[in-house]
Amino acid sequence: MAEYNRVSECVGLITLRNPPVNALSAAVRQGIVDTVQRALSDPNVKSVVICGQNGIFCGGADIKEFGSNMTGPPLIPMIHAIESANKPVVAAIEGSALGGGLELALGCHYRIAHSKARLGLPEVSLGLLPAAGGSQRLPRLIGVPAALNLITTGRHVTAAEALQLGIVDQVTDHNTVDAAVKFALSVAGRSLDPRRISTHPCPQQPDLDALFEEVMQKVRQSARGAIAPIACVQAVRAAATLPYAQGMERERELMATLFTSGQARALQYCFFAERAVGRWRMPSGARWDTSKPRPVHKAAVIGLGTMGRGITVALAQTGLSVIAVETQEKQLMEAKQAISGMLERGAKRRGVAPALDGVIYSQNIQAVADVDLVIEAVFEDIALKTKVFQQLSAVCKPGTLLCTNTSALDVDQLASETPNPELVVGMHFFAPAHVMKLLEVVYGPRSSPQAVATAMQLGKKMGKASVAVGNCRGFVGNRMLKPYIEEAFFLLEEGATPELVDQALEEFGFPMGVFRMSDLSGLDVGWRVRKGDGLVEPGTASGRSARIRQGRRYSPLGDLLCEEGRFGQKTGRGWYQYDKPGSRVARSDPWLHSFLGAYRAQHGLVARRIDHQEVLERCLYALINEGFHILDDGIAAGPEDIDVIYVSGYGWPRHRGGPMFYANMVGLAKVLERLEHYQQLHPEVPHLQPSSLLRRLVASGSPPIHKWGEAIKKLHSQL
Ligand SMILES: CCCCCCC[C@H](O)CC(=O)SCCNC(=O)CCNC(=O)[C@H](O)C(C)(C)COP(=O)([O-])OP(=O)([O-])OC[C@H]1O[C@@H](n2cnc3c(N)ncnc32)[C@H](O)[C@@H]1OP(=O)([O-])[O-]
């Protein structure tokens, strides 16, 4: 709703009230329509100010309404009524003016912003475009290139940048509403014609066609199949080339297509899923709202390899004091130099001072005695990690939280080696840890809710998408990746090439296919794990039996490449060839193709034609099937946890919502049917055996994704 008051005798003050972000729900829109009418019809009112309660102007249209039948007054006529008012209307922008919130402000005649406010048209990130006139007014106000940048990226700008661009008329450090009221008094009675943005032509732009062509090409490349960025360019083009009314018609048409698209649904699901994972819960019943995090002022990182360095930077950038420990002097000096460089570059990008003094370097583990939390990032070796945990338990003050950054080892086993297992959790960062958004917070059966709450809160402070998950081999992300990679190997054995598999996955929207990704991260990583699991054997055996290991189908292809010294980009050879070691441009390698031919001949395999559909079904459905196992095992609390992990850490295209959302979109019955089909063809591949949860969900009528949680619990309790 919107509240109306008269202030300074002749200013009508309209306050949007819809916590937490004053989204433009039906009630708020109705409130605005009513209060604007009231202000305009009151002869004592000379000008109007619109603001939002609780220090936030408006977070835009109410996204929750998008999934339902929308009622209440529509936004566009509401904004037109404001723009065509015969009294000046001033937007007083505090906090955020985003999406429909900024569009509302653009309909006002003047905009005053607080210096800490942020403005933007982020609709593209929800699979939409600014369709309450934003795509038509913003280019008229700030010119086509700047509007294209803001609308196609959805980025938020600071008040200072908004002033520079001409989006706002004034920036204040003081009370924004007071400043806006004062301003509104000063402009009362002035002609409003020049202030009605919709009546302006777009500023002239030379070589308009060339500009749009260039931007469209760039957007298509980076969109990886997302349609909203392209529609945004088309809408701005309409603003630049058509009269306002026709531009609005084009905006409406483009929005209609986007609004009902699966991509918009997926992106809006991601928006809510990212917020939902913060409301974590554990099988023990512990939850986010009943578990109080401990304050963390000082942290330590043990081991300053690639991961430890990134974690140190991520911690220091949040303003924490960090003790960075590396026992070897040479490595410590190298790490110090690298960390300082990363902090300096990060600070330069963000326009702040680097937190160099926030990090103290030490060779001595005793230096961590008074920290609140330690993150261990030493080599992935259980004996070494156990030793470090035992040392930490002896050195640290009581109550210090002990976190491990392991990606593969058993968090419970490590916890059991310490006197206080309740203080142990996993904090699984992804490389580079100061850049990658994902953090898996891994709890064991004995981790205390407070330890989980503390790690989750620290993750949030570092700007990570933090997801609480149970302890199992590979946790959630890597556990699901295993069948995905194995299927890709099997497809090569059966006749596919790395190029074909990667192309199918990249067309689906992954930034890199499985083989290009494997070359980037290093083939030796998986080789080491498989050796540890006792799967790797000398590569001379042939036939089907040589490809059955531990009772299931196994492809030694990755091992054979490693035996050849082909570790990927770092050696200049892997699934592809590179100009030189370390180079990033992958080229098709004739050696690899003849190697695959010889391998198939040795094992009596006949290459067949494999199409993109089979690649997608086998790789993605195997991964999704593991996701159902994970849900059934209670390792992830809900499908949104898995989806956030995959979208933020594994390159799953956001416009497809994450693997579990994708399964829901494709249809659970179809996923089940295809898994059954492939399982019949490949009975020796256990990961193609459909999960019991998937079967149960299909049997119960394939409920929509937000009902799965209910179904999992209900079905469990019936067993
Ligand atoms: C054919 C139809 C024509 C339509 C016309 C088109 C109009 C327009 O162009 C479309 C839009 O405006 S699209 C919209 C464009 N706008 C955007 O994309 C802005 C989206 N919002 C944001 O970016 C951030 O929330 C803020 C920066 C506003 C605040 O950040 P923060 O302080 O870190 O807070 P937080 O943790 O993020 O959120 C707190 C709570 O608020 C909730 N909620 C938030 N916004 C909501 C919304 N619009 N709605 C509903 N709910 C919204 C959020 O879910 C959470 O709920 P929970 O139950 O507690 O989990």
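Quick note: structure is the one above.
Right, let's walk through the structure included here. (Residues numbered from 1 in each chain as written. Predicted model: local features only at pLDDT ≥ 70, side-chain atom pairs only at ≥ 80, totals over all residues. Heavy atoms only, no water.)

1. Looking at the overall build of the protein chain
Per the secondary structure count, the protein chain includes 28 helices and 19 strands. Taken over C-alpha atoms, the radius of gyration comes to 29 Å for the protein chain, in line with the 27 Å a tight globule of 719 residues would show. Dimensions of the protein chain along its principal axes, counting C-alpha atoms only, are 90 × 60 × 60 Å. Within the protein chain, the fraction of its 719 residues that count as buried is 56%. Contacts spanning at least 24 positions in sequence make up 72% of the contacts within the protein chain whose residues lie at least 6 apart. Total accessible area computed for the protein chain in this model is approximately 30300 Å², and 53% of it derives from carbon and sulfur atoms. (Helix = DSSP H or I, 4+ residues; strand = E, 2+ residues; numbered from the N terminus. Rg over C-alpha atoms; globule rule 2.2 N^0.38 Å. Buried < 20%, exposed > 50% of the residue type's maximum accessible area, 1.4 Å probe, protein only. Contact = heavy atoms within 4.5 Å. Areas by Shrake-Rupley, 256 points an atom, 1.4 Å probe, with all protein chains shown as cover.)

2. Comments concerning the site of the ligand
Neighbouring residues of the ligand: 26 residues in total, closest Ala61, Gly100, Glu103, Glu123 and Arg275. Ala61 places a polar main-chain atom, nitrogen or oxygen, 2.9 Å from an oxygen atom of the ligand. Interatomic distance of 2.8 Å between a backbone N/O atom of Gly100 and an oxygen atom of the ligand. The fraction of the free accessible surface of the ligand (1100 Å²) that becomes covered by protein chains is 71%. If one sorts the elements of the shell around the ligand by residue count, helix α11 (residues 262–276) sits on top with 3 residues. (Near = heavy atom within 4 Å. Polar contact = N/O pair within 3.5 Å; in protein donor to acceptor, adjacent residues only side chain to side chain.)

3. Thoughts on unusual backbone geometry
Among all residues except glycine, the phi angle is most often negative; among peptide bonds, the trans geometry is most common. Between Pro19 and Pro20 the backbone carries a cis peptide bond, its omega angle lying at 5 degrees. Put simply, Ala431 and Pro432 share a cis peptide bond, and its omega is -10 degrees. Among the structural elements, Pro432 can be located in the loop between β15 (424–429) and β16 (438–443). Phi angles above zero are rare outside glycine, and Phe475 is one such case at about 50 degrees. For Phe475, the position within the fold is in the loop between β17 (465–470) and α17 (477–494). Among the residues examined, Phe475 registers a relative accessible area of 1% and is labelled buried.

4. Digging into the nonpolar core
Counting residues in hydrophobic clusters, the biggest one holds 100 residues, and the most contacted among them are Val368, Val501, Trp575, Leu620 and Phe628. No other element matches the 11 residues that helix α23 (residues 612–633) contributes to this core. Every residue in contact with Leu620, bar those within four places of it in the chain, is listed here: Tyr484, Leu505, Phe508, Phe510, Val615, Trp652 and Tyr662. Within the second largest apolar cluster, 73 residues are counted, among which are Leu119, Val215, Val233 and Ala264. (Core = buried A, V, L, I, M, F, W, Y, C linked by side-chain atoms within 4.5 Å.)

5. Describing the state of the cysteines
Within the structure shown, the criterion is met by 0 disulfides. The structure places no disulfide on Cys108, whose sulfur is separated from the nearest cysteine sulfur, that of Cys58, by 11 Å. A relative accessible area of 0% places Cys108 in the buried class. Here Cys619 is not disulfide-linked; the sulfur of Cys562 is the nearest cysteine sulfur, at 19 Å. (Disulfide = S-S within 2.5 Å.)

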